[in-house]
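As a plain string of letters, each chain reads:
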Amino acid sequence: MDVIVIGGGIAGVATAYHLRAAGHRVCVVERHATVAQGATYGHGGTVLPTPLDVWFGPTFMASRQNAKNGVVNRIGFNGAARQFVKQLGALQEPDAFARQFGRLRPLIEASRDALADVEARFGLEFEQVSGLLHLVRSEQEWEQTQPALDLLRQYEVPHQVLTPDECAAFEHSVRTEPEFAGGVLFDQERTGNSPLFTKLIKQTLDTQGGVQFMLGSEVSAIRLEGQRAAVELAPRPGSAARSREVDVIHADAVVVAAGHGSLALLERLGLRLPLHPLRMHTLVAPIAHEECAPHVAIVDAVKRIGISRMNHRLRIAGGAVLQGAGQIDKPLGEAVTKEAFALLGQATHDWIPGAARISAAMPWEGVKLLSPDGLPVIGNALHPRLFVNVGHGPAGWGLAYGAGKLVADLLSGQSPNLPDDTLAALRADRFQ
Ligand SMILES: Cc1cc2nc3c(=O)[nH]c(=O)nc-3n(C[C@H](O)[C@H](O)[C@H](O)COP(=O)(O)OP(=O)(O)OC[C@H]3O[C@@H](n4cnc5c(N)ncnc54)[C@H](O)[C@@H]3O)c2cc1C
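Criteria and cut-off values
Residues numbered from 1 in each chain as written. Predicted model: local features only at pLDDT ≥ 70, side-chain atom pairs only at ≥ 80, totals over all residues. Heavy atoms only, no water. Phe/Tyr/Trp six-rings, centres within 6.5 Å; stacked < 30°, edge-to-face > 60°. Helix = DSSP H or I, 4+ residues; strand = E, 2+ residues; numbered from the N terminus. Buried < 20%, exposed > 50% of the residue type's maximum accessible area, 1.4 Å probe, protein only. Lys NZ or Arg CZ within 6 Å of the ring centre and 35° of its normal. Pairing = 2+ DSSP bridges. Axes fitted to C-alpha atoms, helices over the stretch in contact; angles between N-to-C directions. Contact = heavy atoms within 4.5 Å. Disulfide = S-S within 2.5 Å. Patch = residues over 30% accessible without salt bridge, like charges linked within 9 Å, V, L, I, M, F, W, Y side chains within 5 Å. Areas by Shrake-Rupley, 256 points an atom, 1.4 Å probe, with all protein chains shown as cover. Salt bridge = Lys/Arg side-chain N within 4 Å of Asp/Glu carboxyl O. Lys, Arg positive; Asp, Glu negative; His and termini not counted. Charge placed at Lys NZ, Arg CZ, Asp CG, Glu CD. Domains from an automatic or database assignment. Buried area = accessible area lost by both parts, 1.4 Å probe. Near = heavy atom within 4 Å. Polar contact = N/O pair within 3.5 Å; in protein donor to acceptor, adjacent residues only side chain to side chain. Nonpolar A, V, L, I, M, F, W, Y, C, P; charged D, E, K, R; others polar.

Draft legend 1. Representation of the packing of aromatic side chains in the model. By the definition in use, this model includes 11 aromatic pairs. Seen from their ring centres, Tyr17 and Phe122 are 6.2 Å apart, and the 80° between their planes marks the pair as edge-to-face. Of the two residues, Tyr17 sits in helix H1 (residues 10-21) while Phe122 sits in helix H5 (residues 94-122), which places them 105 residues apart along the sequence. The exposure class of Phe122 is partly exposed, given its relative accessible area of 24%. An aromatic cluster of three or more residues is present, and its members are Tyr17, Phe122, Phe126, Phe197, Trp397 and Tyr401. In this structure, Lys202 packs its charged tip against the face of Phe213, placed 5.0 Å from the ring centre. Looking at Lys368, its charged tip hangs above the ring of Trp55, at a distance of 3.7 Å from the centre.

Draft legend 2. Structural context of the sheet that holds strand S9 (residues 228-233). Strand order across the open sheet formed by three strands is S8-S9-S10, with antiparallel pairing between neighbours. The open sheet has two free edges, formed respectively by strand S8 (219-225) and strand S10 (247-251), since each of these has just one partner strand. Shown here is a sheet whose adjacent strand axes are inclined to one another by a mean of 20°, direction ignored. Relative to S9, S8 is paired through six bridges, and the arrangement is antiparallel. If you follow Ala221 over to S9, its bridge partner there is Glu232.

Draft legend 3. Representation of the environment of Ala62 within the structure. As for its position among the elements, Ala62 is in the loop between helix H2 (39-42) and helix H3 (66-69). For the pair formed by Ala62 and Gln92, sequence separation is 30 residues and the distance between their alpha carbons is 7.7 Å. Discounting residues that sit within four places of it in the chain, Ala62 has contacts with Gln92 and Gln144.

Draft legend 4. View of the state of the cysteines. Summed over the entire model, instances satisfying the criterion amount to zero disulfides. The thiol of Cys292 is not disulfide-bonded; the next cysteine sulfur, from Cys167, is found 17 Å away.

Draft legend 5. Looking closely at a negative patch on the surface. Taken together, the side chains of Glu139, Glu143, Glu177 and Glu179 define an acidic patch exposed on the protein surface. As for its position among the elements, Glu177 is in the loop between helix H7 (164-170) and strand S6 (182-191). With relative accessibility at 61%, the residue Glu177 sits in the exposed group.

Draft legend 6. A look at the domain arrangement of the protein. Its domain assignment divides the protein into domain 1 (2-40 + 196-273 + 375-431) and domain 2 (59-92 + 129-190 + 276-370). Centre-to-centre, using C-alpha coordinates, domain 1 lies 30 Å away from domain 2. The interface of domain 1 with domain 2 comprises nine residues on the first partner and eight residues on the second. Looking only at domain 1, the three residues that lose the most surface to domain 2 are Ala39, His260 and Gly393, adding up to 59% of its buried area.

Draft legend 7. Expanded view of unusual backbone geometry. In this structure, Pro178 follows Glu177 across a cis peptide bond, with omega equal to -10°. Considering the arrangement of structural elements, one finds Pro178 in the loop between H7 and S6. You will see that Met61, though not glycine, has its phi angle at about 55°, which is positive. Take Met61: it is sitting in the loop between H2 and H3. Given a relative accessible area of 17%, Met61 falls into the buried group.

Draft legend 8. Broad picture of the sheet that holds strand S18 (residues 383-390). Overall, mixed pairing links the six strands, which are arranged S7-S2-S1-S11-S18-S17 in an open sheet. Looking along the sheet, the strands with just one partner apiece sit at the ends: strand S7 (211-215) and strand S17 (377-381). Here the strands of the sheet are splayed against their neighbours by 20° on average, with no regard to which way each runs. Bridge count between strand S11 (residues 253-256) and S18: three bridges; the pairing is parallel. Each residue of the ladder has a partner; that of Val255, found in S18, is Phe387. Each of strand S1 (2-6), S11, S17 and S18 is contacted by helix H11 (residues 396-411), which is oriented at about 175° to S18, the strand it contacts most.

Draft legend 9. Representation of the site of the ligand within the structure. Looking at the ligand, there are 39 residues lining it, with Glu30, Thr40, Gly44, Thr46 and Pro394 nearest. Residue Ala395 places a main-chain N or O atom 3.4 Å away from an oxygen atom belonging to the ligand. Gly396 has a polar backbone atom sitting 3.1 Å from an oxygen atom of the ligand. Burial of the ligand by the surrounding chains reaches 95%, relative to a free accessible area of 1,000 Å². At the level of secondary structure, the elements contributing two or more residues to the shell around the ligand comprise H1, strand S2 (25-30), H2, strand S12 (276-286), strand S16 (362-370) and H11. Grouping the amino acids of the shell around the ligand by side-chain chemistry returns 16 nonpolar, 19 polar and four charged. For the shell around the ligand, the two domains that each supply at least three residues are domain 1 (2-40 + 196-273 + 375-431) and domain 2 (59-92 + 129-190 + 276-370).

Structure (structure tokens):
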């Protein structure tokens, strides 16, 4: 089949990879001049999520204070945002959390296998570093992490629960004063550079052929026509004066993997997904003192701030801002932006003082989509020739290869190797 994939982030490129592997001809349409310029660029580095990484469950936004939960609530956020928080809040209940993580887990394992296969084939170097150390501040927060630790044991995820002294003995850069509650070490999990990985996969697809990248082209609308589908391209700057004709590309199927841009395209077709855009922040800071720098990634488990090492720099990601969905395209305002970046700087100082030169850090902000039940939306929607792959929240880098394989299987009429309840929990129509 001829398939158009809208979006050249990790989700779109991974989907193109699997569609090509399944024998389809693929065209990726990306509005930027190159791939990996959206949320994929801002990633925190964690490859595959554990129950401690997902953005739902007992610890996620458990406190109302920004400084404690790591999410800045922008004053005046609207009713839809409140409803979104309420729905996510239902997953703070340990049994609901366990059930929902149980539905996601087969996709995580499928992604692990698919990623291992890609790496074995191409031997890619993307600044991989082994080891993640999640750190928890207070005894109360430690209590709240217990349901996640139960899931780690239940699913036999390799990990070690460490006392503060053991954390510091393992990772010399972690300070022990003031006291903190403890840590969880994943020595087999990894961090990596998601935009670099995405670009390397694009290069392999360029070399092998079968995937065309239309860069610098924005899709303005999707058309669904009987057994065919098509996309309309927005006029390029300067071209509107010359022609009123709309550029249309026809195909047998369209996959929407356009991150935040997906919502408007789908809404125009009548599909309103209740995914919420969160503005996220990263700092890329030079290492200040090598002897103070960590050799594994450090994660502030409750604030969900990840600090990963990439050669001679530290990437610090988090500082989510929750605001009304309609405000997401407007500037945040200096005070809120400052507050979000301050959370990143403070977490770095709290856990690994002296490691990073925050004053010299490169700031970045962007948007990631989170669903009110914490799971992405992957599968067929609205029309037999329309597929979506969006809303991966905090884990789109890791889940991309399992998600892309799922889309390719569904589009090719193959039975996906995932349980029915996982497939149902990922479908777009679950929100109806
Ligand atoms: C700060 C931060 C930290 C994160 N940390 C991690 C982590 O540690 N581990 C992890 O697994 N995940 C992490 N994530 C999440 C992960 O980065 C995202 O889930 C993932 O990158 C989403 O990929 P995507 O391809 O769906 O979206 P994007 O990367 O946003 O790509 C969508 C693409 O579609 C294009 N597009 C949009 N509309 C159109 C249109 N109309 N026409 C043409 N092109 C269009 C955009 O230009 C963009 O390039 C993090 C995200 C952020 C922001």
